[in-house]
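The primary structure of each chain is shown beneath.
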Amino acid sequence: MRIERRLSDTFKAFASSSKAGGIVLILCTLVSLVIANSPMGPAYLGFWHLPVAGLSIEHWVNDALMAIFFLLIGLELERELYNGELSDLRTALLPMLAAAGGIAVPALIHFAFNGGTPTQAGVGIPMATDIAFALGVLALLGNRVPASLKIFLTALAVMDDLGAIVVIALFYTAEVSFAYLLGALAVFGALLAMNRILRVMSLLPYLLGGALMWFLMLKSGVHATIAGVLLAFAIPYSARQDDAQSPSHRLEHALHKPVTFLILPVFALANTGIAIGAGWMSALLDANSLGIILGLVAGKPAGIFLFTFAAVSAGLCRLPLDLAWRHVLGAGLLGGIGFTMSIFITNLAFAGQSDAIDSSKMAILAGSLVAGIAGFAWLKAMGKPLALDTDMETMDLEVDGQVDGRSR
């Protein structure tokens, strides 16, 4: 049975903000690189290391502001699980398995170059996809790509980020203070009780509890941004699409612009100020940089395409009717845009190793640039929607049985 699912207003708002957000991120990255390599470079780099209330400004950006970014990621994941692409297991399997391939193959490529060496810790760097950049590039193509591709790439990137969050929690955690960790989990439990038992619908108690959970998580040794994801799943959510009364919906809507136009640009400014030395090109050919670049440029599209093809061939799931294999390859290429999450993991993987951090960031920028250009060029040439895709605000699906309430 063929059905058409209309894109939600929340998703369309998110996708439209990503286009402008991607442009702002590019500009901030260029500004940061230019200043860092100008006479003002030492003062600019020194500014981010100024201490404020016990932490450097860079730490406040990466640990506190990025917790808000992770909160938004959690809210988007929750929306996808309740009434988005991940709400039906058969439909969700496609982006889930694609994300698994997009995580596993780049990690294996990096490990092949760096296994058993001091840079092995960078294995998580090419795993991640930058949602804002990937959707921003896709948004530039407008109606030249099918609506299903936007949904597929979003669900894939959200699952990809979830995988990155799990990797951060499990493998990039230093010594753990179990007393503080138990305290953070106790706050999380209290927030869940406010939601499920007391039915508290005001956002303020959840935000205050989330701030306390962030502090306790910071002290525990587990990266504090994990608190943002946990908070997202403690906030009441309505399964009714675009429910303006839902606290989760209201918070997600309120966070889109601040995250896109403030938090991520500040993160870019704080983390891409790289002083480029004379040997920067040769540094791109070392084992760690090659693992990152090849992981993003080759590993991402290979993993996403092969895992998707295997899943469809095995009958586990189906492609949406308006999606062809050339679109899946295009999504895989765009999946190689790592940027935000890759830089974030770099800071954790090589903490205190400034040379390794700078060379990894250069590799991320190079790999993400190549992946973005390749994905844009491929989809511009080959991404034309199929003839049956008549409405660019719907995605066409084939399902067994009756059409559910989400279909029109």
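Structure: above.
As a convention, each chain's residues are numbered from 1 in the sequence order in which they are written. In keeping with the predicted nature of the model, local features appear solely for residues at pLDDT of at least 70, side-chain atom pairs appear and are counted solely at 80 or more, and the whole-chain, interface and lining totals rest on all residues. Only heavy atoms go into the side-chain values, all of them from the structure, while hydrogens and water stay out.

**Examining the overall build of the chain**
For the purposes of this entry, the term helix denotes a DSSP run of H or I that reaches at least four residues, the term strand denotes a run of E that reaches at least two, and both are numbered from the N terminus. Of the regular secondary structure elements, the chain holds 15 helices and four strands. In this scheme, a residue with accessible area under 20% of its type's maximum is buried, one over 50% is exposed, and one in between is partly exposed, where area comes from a 1.4 Å probe on protein chains only. Here the chain holds 408 residues, and 54% of them are scored as buried. Excluding contacts between residues fewer than 6 apart, the proportion of contacts in the chain whose partners are at least 24 apart in sequence is 83%. For the area figures, the Shrake-Rupley method with a 1.4 Å probe applies, and any residue is considered shielded solely by the protein chains shown. A total of about 16,800 Å² of accessible surface is found on the chain, and carbon and sulfur atoms cover 71% of it. The contact criterion used is simple: two residues touch if any of their non-hydrogen atoms lie within 4.5 Å.

**Brief notes about the nonpolar core**
In this text, buried Ala, Val, Leu, Ile, Met, Phe, Trp, Tyr and Cys residues form a nonpolar core when linked through side-chain atoms within 4.5 Å. Judged by nonpolar contacts, the single largest core of 107 residues is most densely connected at F69, F70 and L138. In this view, L138 contacts V145, L149, K150, L153, L334 and L379; residues no more than four positions away in its chain are not counted.

**Some words on helix α6 (residues 147-171)**
How far a helix is expected to stretch is found by multiplying one less than its residue total by 1.5 Å. Relative to the 36 Å expected for 25 residues at 1.5 Å per residue, α6 spans 36 Å between its end C-alpha atoms, a close match to the ideal helical length. Burial analysis of α6 places 20 of its 25 residues in the buried class, which makes it a mostly covered element.

**Notes on helix α14 (residues 339-349)**
In terms of residue burial, α14 counts as a mostly covered element, since ten of its eleven residues are buried. Looking at α14, one finds that the buried residues are F339, T340, M341, S342, I343, F344, I345, T346, N347 and A349.

**Thoughts on the packing of helix α4 (residues 89-114) against helix α12 (residues 287-313)**
Axes are the key here: two packed helices are described by the angle between their axes and the distance separating the axes. It is the contact of α4 with α12, at a shortest axis distance of 6 Å, that shows an interaxial angle of 145°. Here α4 runs over α12; the crossing is right-handed. Working convention: axes come from line fits to C-alpha atoms, limited for helices to the stretch in contact. Angles between N-to-C directions cover 0 to 180 degrees. For a crossing to be left-handed, the near helix must be turned anticlockwise from the far one by less than a right angle; the clockwise case is right-handed.

**Points about the pattern of salt bridges**
Salt-bridge detection follows one rule: a side-chain nitrogen of Lys or Arg within 4 Å of a carboxyl oxygen of Asp or Glu. A complete count under the given rule lists one salt bridge for this structure. Across the pair D160 and K300 runs a salt bridge, and its minimum N-O distance is 2.3 Å. Of this pair, D160 sits in helix α6 while K300 is found in helix α12, placing the two residues 140 residues apart along the sequence. Looking at K300, the relative accessible area reads 0%, which means it is buried.

**Description of unusual backbone geometry**
One non-glycine residue, A53, lies in the positive phi region at around 50°. Here A53 shows up in the loop between β2 (51-52) and β3 (55-56). Phi at F339 takes a positive value of approximately 40°, unusual for a residue other than glycine. Inspection of the secondary structure assignment puts F339 in helix α14.

**Remarks on the packing of aromatic side chains**
Pairing of aromatic rings covers Phe, Tyr and the six-membered ring of Trp, with a centre-to-centre limit of 6.5 Å; geometry is then stacked below 30 degrees between planes, edge-to-face above 60, and tilted otherwise. Per the counting criterion, the structure on display carries nine aromatic pairs. On the numbers, 4.9 Å between centres and 85° between planes, the contact of F133 with F339 is edge-to-face. A residue pair is termed long-range when its members are at least 10 positions apart, and F133 in helix α5 (residues 131-140) and F339 in helix α14 qualify at 206 residues. A relative accessible area of 9% means that F133 is categorised as buried. One aromatic cluster is present, built from ring pairs that chain together Y44, F47 and W48.

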